[in-house]
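Working through the structure, step by step
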Amino acid sequence: MIGILFSVIRIDVVLELISFAICAFISLSFLRAHLNLGSRVFAMLSAGFGLMGGAMLVRALIVGASLFGFFGRDLSRTLMPYLFQVELLYSFVRLTAYLLFVLAYVLYQAPRAPTELAVVPPPVLLIYNPAFELMSVVLLAYVVAASTGNWKRTNSKGSGSVALGFWALLASHLLFALTPLNFILYFAGHAVQLLSLLLILFGALEAMRG
Amino acid sequence: MRRAYRSRVRIYYDILNAVMSEGHARITTIMRDANLPYDRLQRYLEELVAKGLLGRHQNDPTLFHVTDKGVRFVEEFQRFDRLVRAFGLEI
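Quick look at the structure, then. Keep in mind that this is a model prediction, so the values were computed, not measured. (Residues numbered from 1 in each chain as written. Chains lettered and ligands numbered in written order. Predicted model: local features only at pLDDT ≥ 70, side-chain atom pairs only at ≥ 80, totals over all residues. Heavy atoms only, no water.)

Focus on the packing of aromatic side chains
Under the convention used in this document: Only centres within 6.5 Å qualify two rings of Phe, Tyr or Trp (six-membered ring in Trp) as a pair; their planes then separate them into stacked at under 30 degrees, edge-to-face at over 60, and tilted for everything else. Each helix is a run of H or I in the DSSP string that is no shorter than four residues. Each strand is a run of E no shorter than two, and both are numbered from the N terminus. The buried label goes to any residue with under 20% of its type's maximum accessible area, the exposed label to any with over 50%, and the partly exposed label to all in between, with areas taken from a 1.4 Å probe on protein chains only.
In the structure shown here, the tally under the stated rule is 13 aromatic pairs over all chains. With 5.4 Å between their ring centres and 75° between their planes, F30 of chain A and F87 of chain B make a pair best called edge-to-face. On the criterion of chain membership, the pair formed by F30 of chain A in helix α1 (residues 2-37) and F87 of chain B in the segment after α4 (68-86) is interchain, its members lying in two chains. Judged by relative accessible area, which is 1%, F30 of chain A ranks as buried. For F87 of chain B, a relative accessible area of 0% gives the class buried. Measuring from centroid to centroid gives 5.8 Å for F42 of chain A and F80 of chain B, while their planes differ by 65°, and the two rings are edge-to-face.

Okay, here's the thing in structure tokens:
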């Protein structure tokens, strides 16, 4: 039973590594834009996706190394006691990435129609797991509202895909938060997280293609 | 929250776009099209010439043209502007 469970758990490491690759691609695209144009909004988005991807990579490698002995039994034994700290660091870095997204929307949001209600930034609190998931939901709610408003205004395929991507990212954190109800929700969360990044990537490529 | 000012990079784009749309342009035309006062425009024009994005006409230094590097900057700006607008943000 435990063997089957562990063979299933490997899926989250694989999904997280794929998500890392997508995050890295999006981050590098924004970094290129920042280097070419020198605009801070690109630096913020690049750092946000870079931090997300970096956290995913480190977590996937350390969890893979300690639980499944990816890099040998000695390293596995060495890393095992630090899994809690890795989870703590992962949560902190992910929240920092979401804070950067919120900051980008607060500082660089495209002009809205005067009749439209402004999206008020949420109070910023940094709380460790399991509140991390709920905190992520609160922070992402702001990003989701802003990107959905943009989709309604522009009605373009690219902005629609980006908005749906942020919706999916928010949904993935809700699924992670509900993991105690059913363990399958944890894997569903990872799958939805991967879907969210694919949607954001598609939106970015669609927008750049014009 | 909307920013009440244009970023430096957007002002560069507006100036280059104003010059490009005319082929060659003098300060008064750029002032009108880029919506900038004379003193600020002078400063930005010097910066753009120093960066190699804008050139002065050999026989008439008051006439500006966009260099190849400037054209590439405009194209990159338009591409990345579409990208950031898909996120509901602006440069």
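Here the narrative resumes.
Some remarks on the packing of helix α2 (residues 40-68) of chain A against helix α7 (residues 184-209) of chain A
Residue and element names in this part refer to chain A. Rules: Fitting a line to C-alpha atoms yields each axis, with helices limited to the stretch in contact; the angle taken between N-to-C directions then spans 0 to 180 degrees. With the far helix as reference, a near helix turned anticlockwise by less than a right angle produces a left-handed crossing, and one turned clockwise produces a right-handed crossing. Residue contacts follow a heavy-atom distance rule, with two residues in contact if any of their heavy atoms lie within 4.5 Å. Under the convention adopted here, Pro, Cys and the residues Ala, Val, Leu, Ile, Met, Phe, Trp and Tyr are nonpolar, Asp, Glu, Lys and Arg are charged, and Gly plus all remaining residues are polar.
Contact geometry for α2 and α7: axes closest at 14 Å, N-to-C directions at 145°. Read as a crossing pair, α2 and α7 show a hand that is left-handed. Taken together, the residues of α7 that come into contact with α2 (itself represented by F49, M52, M56 and R59) are Y186, H190, Q193, L197 and I200. Of the residues contributing to the contact of α2 with α7, the split by class is six nonpolar, two polar and one charged.

Considering the pattern of salt bridges
As a reminder of what qualifies: Salt bridge, as used here, is a side-chain nitrogen of Lys or Arg placed within 4 Å of a carboxyl oxygen of Asp or Glu.
The full count for this structure, using the stated rule, is 13 salt bridges over all chains. Between R56 of chain B and E46 of chain B there is a salt bridge, with the nearest N and O atoms lying 2.7 Å from each other. Separated by ten residues along the polypeptide, R56 of chain B in strand β2 (residues 54-56) and E46 of chain B in helix α3 (residues 38-50) bring together distant segments of the chain. A residue is classified by how much of its surface remains accessible, and R56 of chain B, at 34% relative accessible area, is partly exposed. Classification of E46 of chain B as partly exposed rests on a relative accessible area of 42%. Here R85 of chain B makes a salt bridge to D81 of chain B, at a shortest N to O gap of 3.3 Å. Placement of both R85 of chain B and D81 of chain B in helix α4 is noted, with a separation of four residues, approximately one turn of the helix. Through salt bridges with shared partners, a single ionic network connects E16, R59 and E87 of chain A.

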